[in-house]
Amino acid sequence: MTTLRAFTCDDLFRFNNINLDPLTETYGIPFYLQYLAHWPEYFIVAEAPGGELMGYSVAVLMLCMFTVMGKAEGSVAREEWHGHVTALSVAPEFRRLGLAAKLMELLEEISEKKGGFFVDLFVRVSNQVAVNMYKQLGYSVYRTVLEYYSASSGEPDEDAYDMRKALSRDTEKKSVIPLPHPVRPEDIE
């Protein structure tokens with residue numbers, strides 16, 4: 001039976017199999033520790049019966065802060081208080097089991113409890129498997145962010161979709177009305 005539990009510092013030494021996916025953004029240990037210290041309720045791991053890590057998610061609820069793994073950010077006055085999914089990854093051998101959907105559901109529940117208007121995330125435009133999964137979970141493309149992901153080995157930078165899902169506090173669904181034009185990373189608040 002799969003166990004969903006809080007991420008611990010020890011997990012940092014056990015989740016390499018999850019982070020080896022080329023579409024998974026990886027960060028340095030200080031980055032993960034920062035999320036773990038500031039937003040522990042948003043840092044969740046799925047563990048298999050044998051103890052191997054199957055996947056993890058990190059999000060945050062933001063109030064005019066910075067974007068990290070998973071957090072809360074935005075302005076309450078402007079109805080931008082929201083949960084932000086910084087990372088969601090499932091090890092290849094545990095995909096297609098519904099783990100990503102379950103982890104997203106937990107992050108959405110936390111954001112609801114904290115009074116968020118919506119949950120957002122960034123995903124590579126080329127990652128159609130993830131884009132389609134998020135659409136199935138009720139997310140829609142709010143805007144395209146040009147050259148959001150840095151390329152390696154001389155390739156051009158890659159665009160991202162900023163995808164959003166309105167929560168119950170956004171009764172008019174204002175937070176998910178798509179922008180008519182793309183933006184640049186420096187234009188993101």
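As the structure is a prediction and not an experimental result, all values here were calculated from the model.

1. Concerning helix α4 (residues 128-136)
The complete set of buried residues in α4 reads Ala130, Val131 and Tyr134. Down the axis of α4, the buried side of the element spans an arc of 100°, and every buried residue falls inside it. Residues Val129 and Gln136 are exposed on α4 and point more than 90 degrees away from its buried face. For α4, the secondary structure elements touched by its buried residues are β5 (82-90), α3 (99-113), β6 (118-124) and β8 (158-166). Gly138 sits one or two positions beyond α4 and adopts a positive phi of about 100°.

2. Thoughts on the packing of aromatic side chains
How two aromatic rings sit relative to each other is given by the distance of their centres and the angle of their planes. Enumeration over the complete set of coordinates arrives at six aromatic pairs. On the basis of an interplanar angle of 85° and a centroid distance of 4.9 Å, the ring pair of Tyr148 and Tyr149 is categorised as edge-to-face. In textbook terms, an aromatic cluster arises when at least three aromatic residues are bridged by ring pairs, as seen for Phe7, Phe31, Tyr32 and Phe43. When the ring centre of Tyr142 is taken as origin, the NZ or CZ atom of Arg164, which lies over that ring, is 3.6 Å away.

3. Section: a nonpolar patch on the surface
Side chains of Phe13, Ile29 and Leu33 sit close together on the surface and give an oily, nonpolar patch of about 310 Å² of accessible area. Turning to its location among the elements, Leu33 is positioned in helix α2 (residues 29-38). The exposure class assigned to Leu33 is partly exposed, which follows from its relative accessible area of 35%.

4. Details of the pairing of strand β2 (residues 43-47)
A large share of β2 lies buried, amounting to five of its five residues. Of the two faces of β2, the one lined by Phe43, Val45 and Glu47 and the one lined by Ile44 and Ala46 are each fully buried. Pairing of strand β1 (residues 3-6) with β2, which is carried by four bridges, proceeds in the antiparallel orientation. From the neighbouring strand, Ala6 faces β2, where its bridge partner is Ile44.

5. Quick notes on the pattern of salt bridges
Close approach of charged atoms lets side chains of opposite charge pair. Applying the stated criterion to the full structure yields ten salt bridges. The closest approach of N and O atoms between Lys165 and Glu108, which form a salt bridge, is 3.1 Å. Placement of Lys165 in strand β8 and of Glu108 in helix α3 is noted, with a sequence separation of 57 residues between them. Residue Glu186 pairs with Arg184 through a salt bridge whose shortest N-O separation is 3.4 Å. Among the charged side chains, a network of salt bridges with common partners joins Arg5, Asp11 and Glu47.

6. Some thoughts on α2
The set of residues buried in α2 consists of Phe31, Tyr32, Tyr35 and Leu36. Angularly, the buried residues of α2 cover 135° about the axis, an arc narrow enough to put them on a single face. Facing away from the buried surface of α2 by more than 90 degrees, the exposed residues are Pro30 and Ala37.

What counts, and where the lines are drawn
- Residues numbered from 1 in each chain as written.
- Predicted model: local features only at pLDDT ≥ 70, side-chain atom pairs only at ≥ 80, totals over all residues.
- Heavy atoms only, no water.
- Buried < 20%, exposed > 50% of the residue type's maximum accessible area, 1.4 Å probe, protein only.
- Helix = DSSP H or I, 4+ residues; strand = E, 2+ residues; numbered from the N terminus.
- Arc of directions from axis to C-beta.
- Contact = heavy atoms within 4.5 Å.
- Phe/Tyr/Trp six-rings, centres within 6.5 Å; stacked < 30°, edge-to-face > 60°.
- Lys NZ or Arg CZ within 6 Å of the ring centre and 35° of its normal.
- Patch = residues over 30% accessible without salt bridge, like charges linked within 9 Å, V, L, I, M, F, W, Y side chains within 5 Å.
- Areas by Shrake-Rupley, 256 points an atom, 1.4 Å probe, with all protein chains shown as cover.
- Salt bridge = Lys/Arg side-chain N within 4 Å of Asp/Glu carboxyl O.
- Pairing = 2+ DSSP bridges.

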